[in-house]
Amino acid sequence: MAENRDRSNHVLVWEQAEMATDEGILPAKRFGARHYTVFMLFLGMANAYVMRTNMSVAIVAMVNQTAIEKDAEVFDDECPDTDYGEDTHDSGQDGEFIWSTSMQGYILSSFFYGYVITQIPFGLLAKRYGAMRFLGWGMLINSVFAFVVPVAARQGGAGWLIAVRFIQGLGEGPIVPCTHAMLAKWIPPNERSRVGSIVYSGAQFGTVISMPLSGLLADHGFDGGWPSIFYVFGIIGTVWSIAFLFTCHEDPVTHPSIREDEKKYIQQSLWGNASVHIPPIPWTSIAKSMPFYAILLAHLGQNYGYETLMTELPTYMKQVLRFSIKTNGVLSALPYLAMWLFSIVVGWVADWMLTSGRVNHTWTRKISNSIGQYGPAIALIIASYTGCSRALTVAILTIGVGLNGGIYAGFKINHLDITPRYAGILMAFTNCSANLAGLLAPIAAGNIIEGKPTIAQWRIVFVIAACVYLFTATFYNVFASGARQFWDDPENDEPQKASIEAPAHSEANGNNGTTLTHRTLNEQTS
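The written sequence of each chain sets the order in which its residues are numbered from 1. Predicted model: local features are reported for residues with pLDDT of at least 70 only, side-chain atom pairs are reported and counted for 80 or more only, and whole-chain, interface and lining totals are derived from all residues. Hydrogens are left out, water is left out, and the side-chain values use all remaining heavy atoms of the structure.

Inclusion rule: UniProt positions are given in the numbering used here, feature names are shortened, and annotations may be inferred rather than shown by experiment.
Going by the annotation in an unreviewed UniProt entry, the name recorded for the protein chain is Putative inorganic phosphate cotransporter, with Anopheles christyi given as the source organism. According to the UniProt record, the Subcellular location (unreviewed entry) comment for the protein chain reads "Membrane". The UniProt entry for the protein chain carries the following text under Function (unreviewed entry): "May be an inorganic phosphate cotransporter."

## Notes on helix 8 (residues 202-220)
Stated formally: Secondary structure elements follow DSSP: runs of H or I of four or more residues count as helices, runs of E of two or more count as strands, with numbering from the N terminus. The span one expects for a helix is its residue count, reduced by one, times 1.5 Å. For every residue, the accessible area (1.4 Å probe, protein chains only) is compared with the maximum for its type, and the residue is labelled buried under 20%, exposed over 50%, or partly exposed between those bounds.
Across its 19 residues, helix 8 extends 26 Å between first and last C-alpha, which sits within 8% of the 27 Å expected from 1.5 Å per residue. By the burial criterion, the buried members of helix 8 are G202, A203, Q204, G206, T207, V208, S210, S214, L217 and A218.

## Thoughts on the environment of Y49
Inspection of the secondary structure assignment puts Y49 in helix 1 (residues 33-62). Taking the C-alpha atoms as reference, Y49 lies 7.9 Å from Q204; in sequence the two are 155 residues apart.

## Some thoughts on a nonpolar patch on the surface
Stated formally: Without a salt bridge and with relative accessible area above 30%, a residue can belong to a patch; like charges are then joined within 9 Å and nonpolar side chains (Val, Leu, Ile, Met, Phe, Trp, Tyr) within 5 Å. Here the Shrake-Rupley method, with its probe set to 1.4 Å, supplies the accessible areas, and only the displayed protein chains count as covering residues. Any Lys or Arg side-chain nitrogen found within 4 Å of a carboxyl oxygen on Asp or Glu counts as a salt bridge.
A cluster of nonpolar side chains, namely Y113, L436, L439, L440 and I443, defines an oily patch on the protein surface of about 460 Å² accessible area. Note on L436: relative accessible area 43%, which makes it partly exposed.

## As for the pattern of salt bridges
Counted by the stated rule, this structure contains eleven salt bridges. In this structure, R194 engages D351 in a salt bridge whose closest nitrogen and oxygen atoms are separated by 3.1 Å. Of this pair, R194 sits in helix 7 (residues 192-200) while D351 sits in helix 13 (residues 329-355), and the two are 157 residues apart along the sequence. A residue is classified by how much of its surface remains accessible, and D351, at 0% relative accessible area, is buried. When the shortest N-O distance is used, the salt bridge between R365 and D417 registers 2.5 Å. Linking R365 in helix 14 (residues 361-383) with D417 in helix 16 (residues 411-418), this pair joins segments that are 52 residues apart in sequence. For D417, a relative accessible area of 2% gives the class buried.

This is the structure in structure tokens:
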């Protein structure tokens with residue numbers, strides 16, 4: 001069977017009688033179309049986080065640090081001074097621009113606002129028109145406008161730079177919801193844990209690459225140093241976007257050269273959802289779905305806790321421990337590196353648990369997510385009682401962020417379990433909400449420690465974040481599910497205008513118990 005659709009608009013749908021993991025159904029164990037798609041999505045996620053984080057490094061070299069007025073930073077005197085780790089190398093750096101601290105904040109946050117407001121629109125558009133082109137063109141816009149950053153800053157000042165970064169954020173908006181939508185069409189259920197971990201850990205991989213390389217380019221790059229950051233990563237992002245648009249495909253059905261056994265394996269595993277129409281979004285059922293709220297709460301808690309771990313704990317180390325982790329490229333990359341590696345390990349173990357038959361999808365997600373959220377919660381509590389031990393605090397930061405990688409095989413991929421057809425839309429809603437929740441972490445910490453950054457006050461910050469982790473993880477463990485929900489079951493769809501031209505017939509296909517049904521469907525777009 002070379003095609004899934006004939007000239008009469010006939011659609012072939014494989015109906016499975018058993019799990020599509022029998023040896024007779026599995027494709028040959030070699031690099032296939034889905035593996036290439038996963039590899040490209042991983043690189044896309046890495047590119048996205050490079051674009052998001054490179055400004056935080058570049059702006060240090062862009063600003064004339066000696067020409068701006070700075071408020072005296074408040075330090076705690078409970079811990080002794082050290083002769084290492086002080087953030088002194090920036091103090092004498094003279095950049096081109098005289099921007100106040102508040103203006104730098106507006107520049108850094110402009111990307112975020114563009115990114116957040118496009119999450120839900122692109123989730124809805126991807127459902128209607130497909131995800132692949134929105135993802136590819138969005139990242140192309142993001143990458144091309146990277147070339148405009150130096151020109152905007154030098155010719156238009158902060159206002160034009162904010163506008164350009166905002167547009168870059170708009171272009172990056174599709175990355176998470178559209179990636180989720182594509183994974184839902186390409187990845188069989190028993191491969192989701194490791195594939196989801198690999199793809200989304202591209203965020204940490206991109207950060208590990210971006211931070212030291214951006215610093216190197218800022219010091220030794222061309223055109224004054226810092227512009228080379230945007231030129232180099234702009235080129236890389238543009239090349240990836242063009243390659244993605246020309247070599248990747250929306251789903252196995254539209255892929256012109258995918259092996260037939262791989263296509264059949266994917267479609268059987270996903271109940272044939274890639275070949276049938278996607279009905280209107282069941283908003284009422286989603287609004288009543290506790291598994292959806294479990295994912296939403298876990299996502300909210302993750303972003304709040306992660307922001308505390310990655311932004312507030314280093315600040316604590318500088319103000320209280322008198323040690324800045326950001327001055328050491330290796331130490332600053334360690335937490336991200338640990339999370340990247342651990343997330344891949346957890347993903348493989350989670351899929352092994354599923355394929356072995358020992359644990360079902362629901363418990364696999366709950367166990368993985370518990371590691372990913374209870375672990376950092378415990379780390380935050382311990383960090384608040386480490387006193388002035390610098391080495392121990394760095395170790396706890398690394399271990400806590402590393403364990404956080406368990407979320408990729410937990411709630412982060414759970415959308416695909418409960419609703420493969422609407423996974424992109426649900427991810428758009430949870431990711432948008434979670435990014436907004438992440439803003440609360442620095443606000444809460446700032447209000448608690450303002451004027452008095454003592455160990456006791458910082459302990460309140462860490463314990464609050466730990467409680468958020470504990471509550472949301474527990475809520476997830478109570479209400480989460482790994483089962484496909486009834487409102488996304490194709491068997492419960494409204495009947496379509498269809499004519500059965502021939503009775504269902506089965507073809508021999510080993511002992512896997514699958515049947516092949518020939519249907520004529522008039523596809524709808526919702």
